[in-house]
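Architecture and fold: a report
Here is what each chain is made of, one letter per residue.
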Amino acid sequence: MAASDLINLSGLIDDAKCFALVRQHRWPEGACCPVCGSGAVIRDGHHDAQLCRQRYRCKTCSGRFDDLTGTVLAGHHQPLRVWVLCLYFMGLNLSNRQIALELGLDGSDVQAMTEQLRRGLVAKAPEVELKGEVEIDEVYVVAGHKGQPAAVAKRAGSGAGAGWQARRAAARWRRTNHPSSV
Ligand SMILES: [Zn+2]
């Protein structure tokens, strides 16, 4: 193993686990055909260049597909582990610039990746619709000073903390209500 692999984060990530993560996310009940939706599929070897990328054949429509077919992760030059790390950093609210630095990538590449990931892992996944009562926790609203401007001014000094709380709440809201985006 080259020394650079030891200090490069993506070099420490296990490819097999990344593909297992994708399978678990898109097919919690077992693989099914992205063309006809049939669950009658059989394993059919692995991708030539990515040995952990499982191929399948549909017994119903004879279609062939693999772990990434029909996802935003298919057909990209970045290895899956880089996408998984990108998702992880997005969950930590890192900026595109910070993610680019951590992964040693170009900022514009990372921007394209995060935009695609925000649209969802599986490209054809239906939009999440919010119905009924939607609960959002930990939202901080400054509602005026109620005759105590000095106290409000003082609190404004810790505005960075409040911003962090709001971002954390927003992240939790996204996780709860947009599971398709992770
Ligand atoms: Zn099929």
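Residues numbered from 1 in each chain as written. Predicted model: local features only at pLDDT ≥ 70, side-chain atom pairs only at ≥ 80, totals over all residues. Heavy atoms only, no water.

This next bit is on helix 3 (residues 80-91). The periodicity of an α-helix, 3.6 residues per turn, causes residues three or four positions apart to be oriented the same way. With twelve residues, helix 3 should reach 16 Å at 1.5 Å per residue; the first-to-last C-alpha distance of 17 Å fits that figure. Turning to helix 3, the residues buried within the fold contact helix 2 (15-26), helix 4 (96-103) and helix 5 (107-118). Taken from the residues just after helix 3, Asn93 is the one with a positive phi, measuring 65°. (Helix = DSSP H or I, 4+ residues; strand = E, 2+ residues; numbered from the N terminus. Expected span 1.5 Å × (residues − 1). Contact = heavy atoms within 4.5 Å.)

A pair of packed helices is characterised by two quantities: the angle between their axes and the separation of those axes. At their nearest, the axes of helix 2 and helix 3 sit 9 Å apart, and the two run at 65° to each other. The handedness of the crossing between helix 2 and helix 3 comes out as left-handed. Across the interface between the two elements, Asp15, Cys18, Phe19, Leu21 and Val22 from helix 2 touch Leu80, Arg81 and Val84 from helix 3. Class assignment of the residues belonging to the contact of helix 2 with helix 3 gives a composition of six nonpolar, no polar and two charged. (Axes fitted to C-alpha atoms, helices over the stretch in contact; angles between N-to-C directions. Left-handed = near helix turned anticlockwise from the far one by under 90°. Nonpolar A, V, L, I, M, F, W, Y, C, P; charged D, E, K, R; others polar.)

Turning our attention to the coordination of the zinc ion. When a metal holds four donors in a tetrahedron, each ideal angle between them is 109.5 degrees; when it holds six in an octahedron, the ideal angles are 90 or 180 degrees. The coordination sphere of the zinc ion contains the protein donors Cys33 (SG), Cys36 (SG), Cys58 (SG) and Cys61 (SG), at a distance range of 2.3 Å. Considering all four donor atoms around the zinc ion, the spread of angles at the metal, 104 to 117°, places the coordination shape in the tetrahedral class. (Donors = N, O, S within 2.8 Å, 3.2 Å for Na, K, Ca; no water. Tetrahedral: all angles 85-135°; square planar, octahedral: opposite > 155°, others 65-115°.)

It is worth spelling out the packing of helix 4 against helix 5 at this point. In the contact formed by helix 4 and helix 5, the axes pass within 9 Å of each other and the chain directions differ by 115°. With respect to helix 5, the element helix 4 is oriented roughly perpendicular. Helix-helix and strand crossings are classified by hand; for helix 4 and helix 5 the assignment is right-handed. In this structure, helix 4 uses Asn96, Ile99 and Ala100 to contact helix 5, whose residues at the interface are Gly107, Val110, Gln111 and Thr114. Along the lines of polarity and charge, the residues of the contact of helix 4 with helix 5 split into three nonpolar, four polar and no charged. (Parallel < 35°, antiparallel > 145°, perpendicular 65-115°, else oblique.)

Right, let's talk about the sheet that holds strand 2 (residues 54-58) for a bit. Here we have three strands laid out as an open sheet, ordered 1-2-3, and antiparallel in their pairing. Looking at the sheet topology across the chains shown, the edges are occupied by strand 1 (41-46) and strand 3 (64-66). Along the sheet, successive strands turn relative to each other by an average axial angle of 35°, direction set aside. As defined by bridge partners, strand 2 adjoins strand 3 across three bridges and the pair is classed as antiparallel. Bridge pairing in strand 3 links Arg57 to Arg64. (Pairing = 2+ DSSP bridges.)

Further remarks concern the packing of aromatic side chains. Scanning the model with the defined rule gives four aromatic pairs in all. When the centroid spacing of 5.2 Å and the interplanar angle of 20° are considered together, the rings of Tyr56 and Phe65 count as stacked. We classify Tyr56 as buried; its relative accessible area is 5%. Classification of Phe65 as buried rests on a relative accessible area of 5%. Feature note: the residues Trp27, Tyr56 and Phe65 constitute an aromatic cluster, connected by ring pairs. (Phe/Tyr/Trp six-rings, centres within 6.5 Å; stacked < 30°, edge-to-face > 60°. Buried < 20%, exposed > 50% of the residue type's maximum accessible area, 1.4 Å probe, protein only.)

The subject of this paragraph is the pattern of salt bridges. Side chains carrying opposite charge are able to pair once their charged atoms draw close together. Tallied over the full model, the rule gives five salt bridges. Two residues, Asp15 and Arg81, come together in a salt bridge whose shortest N-O distance is 3.1 Å. Note that Asp15 is positioned in helix 2 and Arg81 in helix 3, a separation of 66 residues in sequence. The class of Asp15 is partly exposed, set by a relative accessible area of 28%. Across the pair Asp44 and Arg64 runs a salt bridge whose closest N-O atoms are separated by 2.4 Å. Taken as a pair, Asp44 in strand 1 and Arg64 in strand 3 lie far apart in primary sequence, 20 residues in all. (Salt bridge = Lys/Arg side-chain N within 4 Å of Asp/Glu carboxyl O.)

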